[in-house]
Amino acid sequence: MPSQHILIFGNSGSGKSTLARALAASRGFAHLDLDTLAWLPSSPPQRAPLEAVDAQLRDFVKDNTANNCGWVVEGCYTDLLELLSASADHIVFMDLPVAACIANAKARPWEPHKYPTKAAQDANLEMLISWIAQYSSREDEFSYAAHREFYAGFHGRKTIFTENVDLNSLEL
């Protein structure tokens, strides 16, 4: 039986959103991008309180479980992924090399749920590339170390991708 509750995580630019959208569309799953919950609408950006995000995540899981709907959640926030790990039956670690993540970020289409225009998104690209490049050296919930630890500690089905995923031949 295919997985019904999937968490996808990895560095920015690793293909999390692309894979999540493809799985959601092909399986009729609900899709949640953690970026939409993780930040307050403030300038400069500030993380939303963990308790508030936890309540929203519990509602998402409850609503989609009650509807007997599978779900796929994607993001780089290990602290938020941990809140969902008991409800997930499969995790996917997008463990691509930093150079591939940077190339993907440069080729990224406009994300209207994150930026008001493509120009606004592109204005953030230099900062994003710098952040992507720091993946292995950071020591926060977005880091390679945190993602490896989350992957190692999960007791359900696990998959790692180390290169861009061919969505036409994907079997998860």
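Rules of the game
- Residues numbered from 1 in each chain as written.
- Predicted model: local features only at pLDDT ≥ 70, side-chain atom pairs only at ≥ 80, totals over all residues.
- Heavy atoms only, no water.
- Core = buried A, V, L, I, M, F, W, Y, C linked by side-chain atoms within 4.5 Å.
- Buried < 20%, exposed > 50% of the residue type's maximum accessible area, 1.4 Å probe, protein only.
- Helix = DSSP H or I, 4+ residues; strand = E, 2+ residues; numbered from the N terminus.
- Contact = heavy atoms within 4.5 Å.
- Pairing = 2+ DSSP bridges.
- Axes fitted to C-alpha atoms, helices over the stretch in contact; angles between N-to-C directions.
- Arc of directions from axis to C-beta.
- Parallel < 35°, antiparallel > 145°, perpendicular 65-115°, else oblique.
- Left-handed = near helix turned anticlockwise from the far one by under 90°.

J.: How should I be thinking about the nonpolar core in this particular structure?
T.: Grouped burial of nonpolar side chains is what soluble globular proteins tend to show. In terms of nonpolar packing, the biggest core is built from 28 residues, with Leu-7, Leu-34, Leu-57, Trp-71 and Val-73 touching the most fellow members. Broken down by secondary-structure element, the contributors of at least two residues to this core are strand S1 (5-10), strand S2 (30-33), helix H2 (35-38), helix H3 (50-66), strand S5 (71-74), helix H4 (78-84), strand S6 (90-94) and helix H8 (144-153). Counting residues per element, this core draws most heavily on H3, which supplies 4 residues. Here Leu-34 is in contact with Leu-57, Val-73, Glu-74, Gly-75, Tyr-77, Leu-80 and Leu-81, once residues within four sequence places are set aside. Core analysis: the second largest hydrophobic core is formed by 17 residues, Ile-8, Phe-29, Val-72 and Val-92 among them.

J.: Sorry if this is basic, but what is going on with the sheet that holds S5 here?
T.: Whenever strands of a sheet pair, they do so through backbone hydrogen bonds, lying parallel or antiparallel. One open sheet holds the 5 strands; their spatial order is S2-S5-S1-S6-S7, and the pairing between them is parallel. Since the sheet does not close on itself, it has two edges, and those belong to S2 and strand S7 (157-161), each with one partner. For this sheet, the mean angle separating the axes of adjacent strands, direction not counted, is 15°. Across 4 bridges, the pairing between S1 and S5 is parallel. Directly across from His-5, in S5, lies its bridge partner Trp-71. Against the sheet, helix H1 (residues 16-27) makes contact with S1, S2, S5, S6 and S7, and its axis sits at roughly 165° relative to S1, the strand it touches most.

J.: For this particular structure, what's the right way to read H8?
T.: Every α-helix carries 3.6 residues per turn, so stepping three or four residues along brings you back to the same face. The set of residues buried in H8 consists of Ala-146, His-147, Phe-150 and Tyr-151. For H8, the angular spread of the buried residues around the axis is 135°, confining them to a single face. With respect to the buried face of H8, the exposed residues turned more than 90 degrees away are Glu-149 and Ala-152. Against the buried residues of H8 lie S1, H4, S6 and S7.

J.: Explain the environment of Phe-161 to me, please; I cannot follow it from the model alone.
T.: In this structure, Phe-161 sits in strand S7. Owing to a relative accessible area of 18%, Phe-161 belongs among the buried residues under this scheme. Note: C-alpha distance between Phe-161 and Gln-134 (27 residues apart in sequence) is 20 Å.

J.: Just checking my understanding: could you explain the packing of helix H5 (residues 98-106) against helix H7 (residues 125-133) for this structure?
T.: Any two packed helices are characterised by the angle at which their axes cross and by the distance between the axes. Contact geometry of H5 with H7 gives a least axis separation of 9 Å together with a crossing angle of 165°. By the angle between their directions, the pair H5 and H7 is classed as roughly antiparallel. Regarding H5 and H7, the two cross each other, and that crossing is right-handed. In this structure, H5 uses Val-98, Cys-101, Ile-102, Ala-105 and Lys-106 to contact H7, whose residues at the interface are Leu-125, Leu-128, Ile-129, Ile-132 and Ala-133.

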